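# Examining the three-dimensional arrangement
The chain contents come next:
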Amino acid sequence: MSHGEKWGLKPVSNWGRWGKDDQLGTANFITPEVVKRAAAEVRKGVTFTCAIPIDNGGPVFPGRAGIVRLMSILNLKARELGLPSDAIVNDDVIMMPLQGSTQWDSLAHVGYDGHFYNGAELKDVTAHAGAARNSIANLARSLTTRGVLLDMVRYKKAEAKGHLDQGYAITIEDLEACAKAQGVTFQSGDALLLRTGWVPHWYKTPAERATYWHGAPGLALKTAECIYEKEFSCVAADNITVEVQPSEMPDEQLPFHQIVIRDLGLTIGEIFQFEELAEDCAKDGRYTCMFVAPPLRFTGAVGSPLNPLAIK
Ligand code: UVW
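Note that the structure is a prediction, hence the values are computed from the model and not measured. (Residues numbered from 1 in each chain as written. Predicted model: local features only at pLDDT ≥ 70, side-chain atom pairs only at ≥ 80, totals over all residues. Heavy atoms only, no water.)

### Looking at the nonpolar core
- One finds W104, L150, L193, L219 and F291 to be the most contacted residues of the largest nonpolar core, which totals 62 residues.
- Counting residues per element, the ones that place at least two in this core are strand 7 (144-151), helix 4 (172-182), strand 9 (191-195), helix 6 (223-230), strand 11 (234-237), helix 7 (255-264), helix 8 (275-284) and strand 13 (288-292).
- Per element, the largest residue contribution to this core is five residues, and it comes from helix 7.
- Not counting residues up to four positions away in its chain, the partners in contact with F291 are C50, W104, L143, T144, T145, R146, G147, A191, L193, F272, P308 and L309.
- One finds I52, V199, A216 and I271 within the second-largest nonpolar core, a separate group that totals eight residues. (Core = buried A, V, L, I, M, F, W, Y, C linked by side-chain atoms within 4.5 Å. Buried < 20%, exposed > 50% of the residue type's maximum accessible area, 1.4 Å probe, protein only. Helix = DSSP H or I, 4+ residues; strand = E, 2+ residues; numbered from the N terminus. Contact = heavy atoms within 4.5 Å.)

Structure below.
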């Protein structure tokens, strides 16, 4: 029995849908037609980054190491090395969890019952090679599609506070009503971009950080059904785990991760930020964009930081 059935969800699975060897999952919904449609979203030529800065000021899930950036070459004068050049050179090295900033979770990030998406097994992820199946590198030329921003903060009239309530579970009804209010109809292959305001809350209210990790607004488990039916290619949110925290299941952490990553093959994005994009959408009343968000091509990695762009 799948965990979804155990937890009372409608049966949702994409295993085998794109063949038994598929490792792209719902990114398969991004067809050439979908990419062309996404390109047509570029009308004003304005660009927004949906990333937080990669430094030690951001919210990183407790237990994950911080980010260390060092100069490996510092103001080196090439001529002092005997090289025929007046160049002065700097290089740097960064050590960080791939899950430590704005990031995609690959289809090898979370599974259950000994399996990851499409039947990949525990033995497919090893200490020396990482993920031989379902690595994020498989998506290096994907995740460019139409983005649909659902500004739940504005829709829920939480603009003064800047974020949804801690622990608020966004329902299917919320998603549909927000889309309707914004005049958006979902299309197969869309990226769902969800504004909860929770990552900005970290930056805006340092005094409240002691309770920041006690919970977060995010998607209710049940929304996995809607994500499956609407054929979203990926879902990215400006919170830490996409799904609501604390977990809706008293004895199970990250239930939504288990269903959408393992059963649907959905790539999910965390620690995004949509503040400037949301402001622009509110101004011009258009909540769709071209969303350009390929991961880095890390061989075997189970996640990747990125600088996703929304272009309108
Ligand atoms: C875990 O916390 C396991 O994952 P994520 O970073 O995807 O929330």
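### Focus: the site of the ligand
- Taken together, R64, Q103, D105, H109, I240, T241, L254, H257 and E270 make up all the residues around the ligand.
- Measuring from an oxygen atom of the ligand, one finds a side-chain N or O atom of R64 at 2.8 Å.
- The side chain of H257 places a nitrogen or oxygen atom 2.7 Å from an oxygen atom of the ligand.
- A total of 260 Å² of accessible area belongs to the ligand in isolation, and the protein chains cover 86% of it.
- Across the shell around the ligand, the residue classes tally to two nonpolar, four polar and three charged. (Near = heavy atom within 4 Å. Polar contact = N/O pair within 3.5 Å; in protein donor to acceptor, adjacent residues only side chain to side chain. Areas by Shrake-Rupley, 256 points an atom, 1.4 Å probe, with all protein chains shown as cover. Nonpolar A, V, L, I, M, F, W, Y, C, P; charged D, E, K, R; others polar.)

### Description of the domain arrangement of the chain
- The domain boundaries assigned to the chain delineate domain 1 (3-64 + 99-311) and domain 2 (68-96).
- Taking the mean C-alpha position of each, domain 1 and domain 2 sit 37 Å from one another. (Domains from an automatic or database assignment.)

### Side note on the pairing of strand 7
- Summarising burial for strand 7: eight of the eight residues are buried, a large majority.
- Direction of pairing for strand 7 relative to strand 13: antiparallel, over a ladder of five bridges. Bridge pairing in strand 13 links T145 to F291.
- In terms of strand pairing, strand 7 meets strand 9 through five bridges, oriented parallel. Bridging across to strand 9, D151 finds its partner in R195. (Pairing = 2+ DSSP bridges.)

### Things to note about helix 8
- When helix 8 is considered as a whole, its buried residues turn out to be E275, L277, A278, D280 and C281.
- Buried residues belonging to helix 8 abut strand 1 (47-49), strand 7, strand 9, helix 5 (198-204) and strand 15 (309-311).
- Positive phi shows up at G285, right after helix 8, with a value of about 70°.

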